[in-house]
Amino acid sequence: MVYYIRFLKTPRLLKQKPGSVSVSALICITTDLGDAFLAQDVDLLLTLGLNDSGKVLYQEPLNWKAGKRELPITLGPFSANLAQQAIVLSVTAAGLKKPRSSSPDRLLDTSNLPLVISAWSAPFGGPHSLVSEKLVERRFGPKDRLGLRIWEETGNSIARHIWDAAIASVIYLQRIIAGDPAVSAPLLQGLLQGQRTSPLHVLELGSGCGIVGIALAELLPQCSVVLTDLPEVEEIVTQNIDVARPTDSSGIEFRTLDWDEELPSDLCGGSVDLVLVSDCTYNADSLPALVSVLKRLVQMSPEAIILVALKRRHESESIFFDLMQSAGLFSLHLDQMQLPSQHDQLDQIELHCYGRERYISN
Ligand SMILES: C[S@@+](CC[C@H](N)C(=O)[O-])C[C@H]1O[C@@H](n2cnc3c(N)ncnc32)[C@H](O)[C@@H]1O
C-alpha cells in the first residue's frame, strides 16, 4: 500500500530570542486507513518556499526510520523577517532514492508512483496566521500531463482525505485517455478516447476530496463532472474545485448525495455516462444503499458504465459483488493495478467495470 506523509501538528512559526524565528511541525508516515506506520527507512526533503512563487528559501534533509510513529521537525533559527512572508513547508519523498527537489508526485503510471506520497502545508506567516491551517496539499504531476492539486484535512476523518483506490483510479483513467496500449478496457476506451460531439456526464459517488472526478475534468475536454458525498466533505471538496483547472470545455460541481436518500431528479441533467466509485466498499453496512443508488442510476441511464475501484480490506466486502448481481448490474471487465508497498512488496487494487447485462450480449 502507498504511504502518506501526514501533519500531526501543522507547521508553525515560533518566535525565538529577539530577531529570530524557527519553524516546527510533527509528521508521521501512515496508510490511508491510518492503521500502520511505514516500517522502513526513507529519505525525506524539507523545503520552505514562498507561497506565491514557490521560490525555495531553505532545504534540509530528514530521515524517517523504521519503527517510528512520529517525527518532529524543527528548522531554524531564521531571521524574524521570514515571518513577514507567506511560506509553505513541504515534506517530500521521491521514491526511495535521495530526493533532490520538492517536485510533485508522478501519477502517470504505477512504475513512477512513489511509495510515499509527499505533503505540502497550507501557507503560514505574512498575511496568514503563524500556525498553518489543519490541511495538507497533495501535488501530482507530471506537469505536462497533469497538474493536480488536492487538499485534504489533517485529522482522522474517513471522507476528507485521499484513499489508495482513488490514486489507482486516476492512474487508470489517465492511461486510458492517453491511449496506453497496455490497457485494454473497451467500454471505457469508447467513452474516454476520441472526439466527442456532446459532453460526457460523469457522476462520482463518495468522492471524498474529489481527486478522481477532478483529475478526469482536468484530463478530458467536454467532461461535465458532478462530485457527490455526504455534507461533511463539502468544505474540502469545494476548496479543491476552486483550485482545479478543468479543460476549457469541462466543468466540476459538488452536490450532497446520501446513498440512503432519494436521488435528486435533476442530477447530471437526468442522464449519466460514467459513474465513478473509489474505495467505497470498505463498510459492508453501507453496501446495500450504495448498490441501490447504482441500480437507480442505471435505470435512469441504461447505457451508463460504472467504474468501481477497490482494495479488499476484509472478507465482508465480497457481499458487494452479490448485491450488484442481484441488482442486475454485471461485471463487464476487471483490471488489476499494483501500487507500491513497503519492502518492495506490491498492493493490489481491483478496477471493475459494471453495466447492464445488455452489454454482455452485444
Ligand atoms: C474511504 S472514503 C473514499 C473517498 C474517495 N472516494 C477516495 O477514494 O479517496 C469513502 C467515501 O464514501 C462516503 N460515504 C460513505 N457512506 C456514504 C453514504 N451513505 N452516502 C454518501 N457517501 C457516503 C464517505 O463520506 C467517504 O467520502
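See the structure shown above.
Source: prediction; values computed, not measured.

Visitor: Account for the nonpolar core, naming residues and giving values.
Guide: In terms of nonpolar packing, the biggest core is built from 59 residues, with Leu148, Leu188 and Leu192 touching the most fellow members. Tallying contributions element by element places helix 1 (residues 164–177) first for this core, with 9 residues. Both domains that furnish three or more residues to this core are identified here as domain 1 (3–153) and domain 2 (164–361). Those residues in contact with leucine 148 that lie beyond four places of it in its chain are Leu107, Arg138, Arg139, Phe140, Val170, Ile211, Ile214, Ala215 and Glu218.

Visitor: How would you explain the sheet that holds strand 15 (residues 274–278) if you had to name every residue and give the values?
Guide: Across the sheet, 7 strands lie side by side as 14-13-12-15-16-18-17; this open sheet has mixed pairing. Strands at the two margins of the open sheet, each flanked by one partner only, are strand 14 (251–256) and strand 17 (329–340). Taken pair by pair, the neighbouring strands of this sheet meet at an average axis angle of 20 degrees, ignoring direction. Relative to strand 15, strand 12 (residues 200–205) runs parallel, the two sharing 4 bridges. Bridge pairing in strand 15 links valine 202 to leucine 274. Where helix 4 (residues 234–243) meets the sheet, its contacts fall on strand 13 (223–229) and strand 14, and the angle it forms with strand 14 comes to roughly 175 degrees.

Visitor: Could you give me a rundown of the sheet that holds strand 8 (residues 116–117), with the residues and numbers involved?
Guide: As summarised here, the arrangement of the 4 strands in space is 5-2-1-8, forming an open sheet in which the pairing is mixed. Two strands lie at the open edges of the sheet, namely strand 5 (71–79) and strand 8, each paired on one side alone. Relative to strand 5, strand 2 (residues 20–30) is paired through 7 bridges, and the arrangement is antiparallel. The residue bridging leucine 26 from the neighbouring strand is proline 72, located in strand 5.

Visitor: Which residues make up the layout of surface pockets, and what are the values?
Guide: Considering only enclosed or pocket space, the second largest pocket measures out at about 480 Å³ in volume. Ile158, Ala159, Gly206, Asp229 and Tyr282 are the residues nearest the centre of the second largest pocket, which is lined by 28 residues in total.

Rules of the game
Residues numbered from 1 in each chain as written. Predicted model: local features only at pLDDT ≥ 70, side-chain atom pairs only at ≥ 80, totals over all residues. Heavy atoms only, no water. Core = buried A, V, L, I, M, F, W, Y, C linked by side-chain atoms within 4.5 Å. Buried < 20%, exposed > 50% of the residue type's maximum accessible area, 1.4 Å probe, protein only. Helix = DSSP H or I, 4+ residues; strand = E, 2+ residues; numbered from the N terminus. Domains from an automatic or database assignment. Contact = heavy atoms within 4.5 Å. Pairing = 2+ DSSP bridges. Axes fitted to C-alpha atoms, helices over the stretch in contact; angles between N-to-C directions. 1 Å grid on protein atoms, 1.4 Å probe; cavity = no way out; pocket = protein on both sides within 12 Å on 5 of 7 lines; lining within 4 Å. Points joined across faces, edges and corners; volume = space filled by probe spheres on them.

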